[in-house]
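# Structural overview for review
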Amino acid sequence: QKRLHPCSDLGSFTRLFNTPGKAPDKLMDEIPTLLVSQLGHGRCSECDHGFIVMNRPWGVVQLVESDHWRSAIDEEYVMIMETDHMIMKPPPNQATPDR
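Calculation rules
Residues numbered from 1 in each chain as written. Predicted model: local features only at pLDDT ≥ 70, side-chain atom pairs only at ≥ 80, totals over all residues. Heavy atoms only, no water. Buried < 20%, exposed > 50% of the residue type's maximum accessible area, 1.4 Å probe, protein only. Helix = DSSP H or I, 4+ residues; strand = E, 2+ residues; numbered from the N terminus. Arc of directions from axis to C-beta. Contact = heavy atoms within 4.5 Å. Phe/Tyr/Trp six-rings, centres within 6.5 Å; stacked < 30°, edge-to-face > 60°. Lys NZ or Arg CZ within 6 Å of the ring centre and 35° of its normal. Polar contact = N/O pair within 3.5 Å; in protein donor to acceptor, adjacent residues only side chain to side chain. Disulfide = S-S within 2.5 Å.

What follows covers helix α1 (residues 55-64). Among all positions in α1, only Asn-55, Gly-59, Gln-62 and Leu-63 are buried. For α1, the angular spread of buried residues about the axis comes to 105°, placing them on one side. Looking at the buried side of α1, the elements it contacts are β1 (15-19), β2 (33-37) and α2 (67-72).

See the structure below:
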């Protein structure tokens, strides 16, 4: 993104791919991707309790606990977006040290 929009504050991009058994897909060759595992089905401490969208926050937990988070993400601020949204142009940076 920096190459396309040098004046943007948007830095790198990492796709969080939540898939059964951390199975890779074809987009991994095109988009920097971190594979995370899905919750199990059922009612255990690492299960989705019948609510499959619980995999979204579970994927974020795996991201921030990963080596990728510590070694590859060096931005001071991080924006995490819902997968159903699309960025058409770089968003304005409204982050400050105070908020």
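Overall, the coordinates contain zero aromatic pairs when judged by the stated rule. In this arrangement the basic side chain of Arg-15 is found over the ring face of Phe-17, its NZ or CZ atom lying 4.5 Å from the centre.

This next bit is on the side chain of Asn-55. Residue placement: Asn-55 occurs in helix α1. In terms of polar contacts, Asn-55 uses its side chain to reach the backbone amide nitrogen of Leu-39, at 2.6 Å. For Asn-55, the residues in contact, after removing those within four places along its chain, are Asn-18, Gln-38 and Leu-39.

What follows is about the state of the cysteines. In this structure the tally under the stated criterion is one disulfide. With its sulfur 1.8 Å from that of its partner, Cys-44 forms a disulfide with Cys-47. Residues Cys-44 and Cys-47 share a disulfide whose torsion about the S-S bond is about 85°; that sign makes it right-handed. On the basis of relative accessibility, which here comes to 10%, the residue Cys-47 falls in the buried class.

All we've got here are geometric facts, nothing functional implied.
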